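# Structural features, examined
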Amino acid sequence: KPTNYLLLNMLEIRDLIRGDIVTVEEVLLRYREDKQEEAIYITELESLERLTFIKITNYGSDVGNGIDQEERYWKWMQEKDEVKMKLAVVRRRIARVDTIFNLLSMTHPHECNALSLYYVYNKGINYISEQIGYSRNITKKKIKIGEQEFEKILKMQKSKLVHK
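Everything in this summary refers to the structure shown in the same document. (Residues numbered from 1 in each chain as written. Predicted model: local features only at pLDDT ≥ 70, side-chain atom pairs only at ≥ 80, totals over all residues. Heavy atoms only, no water.)

## So, the pattern of salt bridges
Tallied over the full model, the rule gives six salt bridges. Two residues, Glu 38 and Arg 91, come together in a salt bridge whose shortest N-O distance is 3.1 Å. Of this pair, Glu 38 sits in helix 2 (residues 24-50) while Arg 91 sits in helix 3 (residues 66-107), and the two are 53 residues apart along the sequence. Residue classification places Glu 38 among the buried residues on the basis of a relative accessible area of 15%. Of the charged contacts, one joins Glu 111 and Lys 142 as a salt bridge, the two residues approaching to 3.3 Å between their closest N and O atoms. One end of the pair, Glu 111, is in helix 4 (residues 109-120); the other, Lys 142, is in helix 6 (residues 136-163), with 31 residues separating them in the sequence. (Salt bridge = Lys/Arg side-chain N within 4 Å of Asp/Glu carboxyl O. Helix = DSSP H or I, 4+ residues; strand = E, 2+ residues; numbered from the N terminus. Buried < 20%, exposed > 50% of the residue type's maximum accessible area, 1.4 Å probe, protein only.)

## A word on the environment of Thr 107
In this structure, Thr 107 sits in helix 3. Along the sequence, Thr 107 and Glu 149 sit 42 residues apart, while their C-alpha atoms lie 9.4 Å from each other.

## Let's talk about the nonpolar core
Residues Leu 28, Val 97, Phe 101, Leu 115 and Phe 150 are the most contacted members of the largest nonpolar core, which totals 28 residues. Where this core is concerned, the elements lending two or more residues are helix 2, helix 3, helix 4, helix 5 (125-132) and helix 6. A per-element tally of this core places helix 3 first, with eight residues. Once residues lying within four places of it in the same chain are set aside, the contact partners of Phe 101 are Leu 28, Tyr 31, Cys 112, Leu 115, Ser 116, Val 120 and Phe 150. (Core = buried A, V, L, I, M, F, W, Y, C linked by side-chain atoms within 4.5 Å. Contact = heavy atoms within 4.5 Å.)

## What to know about the environment of Ile 143
Mapped onto the elements, Ile 143 comes out in helix 6. Considering only alpha carbons, one finds Ile 143 and Ser 116, 27 residues apart in sequence, at a separation of 9.0 Å.

## Concerning the side chain of Arg 93
Inspection of the secondary structure assignment puts Arg 93 in helix 3. Side chain to side chain, Arg 93 and Asp 34 meet in a polar contact 2.8 Å long. (Polar contact = N/O pair within 3.5 Å; in protein donor to acceptor, adjacent residues only side chain to side chain.)

## What to know about a nonpolar patch on the surface
Nonpolar side chains collect at one region of the surface, where Leu 103, Met 106 and Met 156 lie side by side and expose about 310 Å² of accessible area between them. Tracing the chain through its elements places Met 106 in helix 3. (Patch = residues over 30% accessible without salt bridge, like charges linked within 9 Å, V, L, I, M, F, W, Y side chains within 5 Å. Areas by Shrake-Rupley, 256 points an atom, 1.4 Å probe, with all protein chains shown as cover.)

## Some points on unusual backbone geometry
The backbone of Asn 122 shows a phi angle near 60 degrees, a positive value even though the residue is not glycine. Note on placement: Asn 122 falls in the loop between helix 4 and helix 5. Residue classification places Asn 122 among the exposed residues on the basis of a relative accessible area of 57%.

## Observations regarding the packing of helix 4 against helix 5
The interhelical angle for the contact between helix 4 and helix 5, taken along N-to-C directions, is 150 degrees, at an axis separation of 10 Å. Comparing their axes, helix 5 and helix 4 come out roughly antiparallel. In this structure, helix 4 meets helix 5 at a crossing whose hand is right-handed. Here His 110, Asn 113, Ala 114, Leu 117 and Tyr 118 of helix 4 come into contact with helix 5, specifically with Ile 125, Tyr 127, Ile 128, Gln 131 and Ile 132. (Axes fitted to C-alpha atoms, helices over the stretch in contact; angles between N-to-C directions. Parallel < 35°, antiparallel > 145°, perpendicular 65-115°, else oblique. Left-handed = near helix turned anticlockwise from the far one by under 90°.)

What follows is the structure in structure tokens.
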């Protein structure tokens, strides 16, 4: 069903242009969901690739399962193609956020780490402050600065994508 994938991409483009996903929190929560979806799609794809297919060459009247086997085969192939497309879409969104994290870590490594721990790994302030070696208040400031810098890069990325 190629129209579903076109719709996914159109919705993704609409979100970027309209700015429906505008906060860093929304972007990073979606990123976390995308990482989970990616793992699910990879597992499903590996499962479909491990299926053993039997080629049916005899379609005589005494063999009633030949058509069922062929239909099942094509259904699995279609399902495999759909999973591959969904995986590609999710990986594209993941790559955009990964790029922002890489750029952010060059200039603000502690803020990037704190932001990732807070939103992506769902860790609390106490845990994060222990990991990055700052007090709770400074850790909160690091997260806030990380959000601001992440948003700057996100806006720059959106403007580049929209103008292409």
